[in-house]
Amino acid sequence: MEEIVREGQVDYLKIDGGSEEDGFWEGLVQRKKIPGVLPMEIRRVDGEKEYWFCLTGRICLWDYLEEEGVTQTLIWDLFGQLDRLLGDINAFLLEETWLCLRPEIVFFNRLEGRWEFVLRKGQEEEVARGLQRLVECFLEKIDPRDQTLSALLYQLHARTMEARVRPGDLLLMDQVRETKKEEKKARDSFPTPPKPKLASYVPESQGPAWLPLLVVVAGLFSFFFLWKQGIFIDAVTGDLKMTHLALVLVFIFLVSGVGVAKLLPKKEKSQIIYREEDEEKKIFVCLVPRQTGGSLIYCREFPHCLWDKLKLERDGPYVYIINQEAPEEVFKNNRLLIPWQRERLEDGDELSRAGESYVVELS
């Protein structure tokens, strides 16, 4: 039986403890040896024990969410502190199932700025079920207009439905999301290449614009100079030498024409300056371990040797995995990879080998 009672100016959570003697865990909680566990004192009434948990300066999760609302920071802080607490409980050889994760008896210590939980023997509930209760509590308190937070909580709720899930598994989801944000930020910081543009061909400079006209004038001047010299007049008869005149005129016009043609800018067709505008978008592969304590595996360049004789390669916008006769059996979505056969990887696929399991995240 659980109830909130007031004694003087202090509120307590009172829980019946029965008549069994369990000095070890009770002593740990009474002496505050486990950070994050609600302080407790033991009282006896008619031979029966009662556990009195002090609530001074504390507010339960329900009321805290009513006041402050649900935020991603609150969610990850709560799960982070819970994950550390479970590690301490295991270090003292206590049972995780003794930790109560019902929202109405999870408290926030305003003085110390941390979450505190009730630990007592006889409380038998799987951690996964307790996590599910907490996420459902968040779902009830969120603003439905916050689509990002709603999507996150539904993902967390789906994960808590799995057997033996722990807070550390949920925290990995946050690490993956933050890693994707950092990678996207890094990619966005790269300088954007200039867009392709159409430009006309500009010939090399051939000299001043008046130079072709000067060539024509020089040709005409040379003709009149020869005329004055009497080259085109027969000295004996005084007749005009038409043959000499024609040859000189043809020569002068040919030389002047070639000079003008060489000096005038040539007309060329417009040329397009091509540039790779749409370079292939980079693909990043991240393998998220399902087992607790595993490390994230990143792949940013292709081809990439994932494990011994297991290769990732890229073909256009897709990523493939190839089993090059790996020494250990490798499974994709619980199906054995056939040696030397390409298998396309998609977001959410599961790779497993030698007792390890990873979820594929593509970005």
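Residues numbered from 1 in each chain as written. Predicted model: local features only at pLDDT ≥ 70, side-chain atom pairs only at ≥ 80, totals over all residues. Heavy atoms only, no water.

(A) Expanded view of the pattern of salt bridges. On inspection of all chains with the given rule, the structure shows 22 salt bridges. A salt bridge links Glu41 to Arg43; its shortest N-O distance comes to 3.0 Å. In this structure, the salt-bridge partner of Arg344 is Glu346, at a minimum N-O distance of 3.8 Å. Its relative accessible area of 36% is what places Arg344 among the partly exposed residues. Salt bridges linked by common partners bring Arg58, Glu112, Arg114 and Glu116 together as one network. (Salt bridge = Lys/Arg side-chain N within 4 Å of Asp/Glu carboxyl O. Buried < 20%, exposed > 50% of the residue type's maximum accessible area, 1.4 Å probe, protein only.)

(B) Examining the packing of helix H2 (residues 61-68) against helix H4 (residues 127-141) more closely. Running from N to C, H2 and H4 cross one another at 30°; their axes reach a closest spacing of 10 Å. Comparing their axes, H4 and H2 come out roughly parallel. The crossing of H2 and H4 is right-handed. Contacts between H2 and H4 pair Leu61, Trp62, Leu65 and Glu66 from the former with Leu134, Cys137, Phe138, Glu140 and Lys141 from the latter. Broken down by class, the residue content of the contact of H2 with H4 amounts to six nonpolar, no polar and three charged. (Axes fitted to C-alpha atoms, helices over the stretch in contact; angles between N-to-C directions. Helix = DSSP H or I, 4+ residues; strand = E, 2+ residues; numbered from the N terminus. Parallel < 35°, antiparallel > 145°, perpendicular 65-115°, else oblique. Left-handed = near helix turned anticlockwise from the far one by under 90°. Contact = heavy atoms within 4.5 Å. Nonpolar A, V, L, I, M, F, W, Y, C, P; charged D, E, K, R; others polar.)

(C) Just the pairing of strand E14 (residues 304-307), in detail. When E14 meets strand E15 (residues 310-315), the two strands line up antiparallel, connected through three bridges. Along E15, the bridge assignment pairs Cys305 with Lys311. The loop that links E14 with its antiparallel partner E15 comprises two residues; one of these, Lys309, has a positive phi angle of about 60°. (Pairing = 2+ DSSP bridges.)

(D) Layout of the packing of aromatic side chains. Counted under the stated rule, the structure contains six aromatic pairs. Through a chain of ring-to-ring contacts, the aromatic side chains of Tyr64, Phe108 and Trp115 assemble into a single cluster. Between Arg43 and the ring centre of Tyr12, over which it is positioned, the NZ or CZ distance is 5.3 Å. Here the guanidinium or amino end of Arg43 rests over the ring plane of Trp52, the centre of that ring lying 3.9 Å away. (Phe/Tyr/Trp six-rings, centres within 6.5 Å; stacked < 30°, edge-to-face > 60°. Lys NZ or Arg CZ within 6 Å of the ring centre and 35° of its normal.)

(E) Local environment of the sheet that holds E14. Here we have four strands laid out as an open sheet, ordered E14-E15-E16-E19, and antiparallel in their pairing. Here the strands that pair on one side only, and so sit at the sheet edges, are E14 and strand E19 (342-345). On average, each strand axis in the sheet is inclined to that of its neighbour by 35°, with strand direction left out of account.

(F) Broad picture of the packing of H4 against helix H5 (residues 147-160). The geometry of H4 relative to H5 is characterised by a closest axis approach of 9 Å and an angle of 160° between their N-to-C directions. Judged on the interaxial angle alone, H5 and H4 are roughly antiparallel. Relative to H5, the crossing made by H4 is left-handed. In this structure, H4 uses Ala128, Leu131, Gln132, Val135, Glu136, Phe138 and Leu139 to contact H5, whose residues at the interface are Leu153, Tyr154, Leu156, His157 and Thr160. In terms of residue class, the contact of H4 with H5 is made up of eight nonpolar, three polar and one charged.

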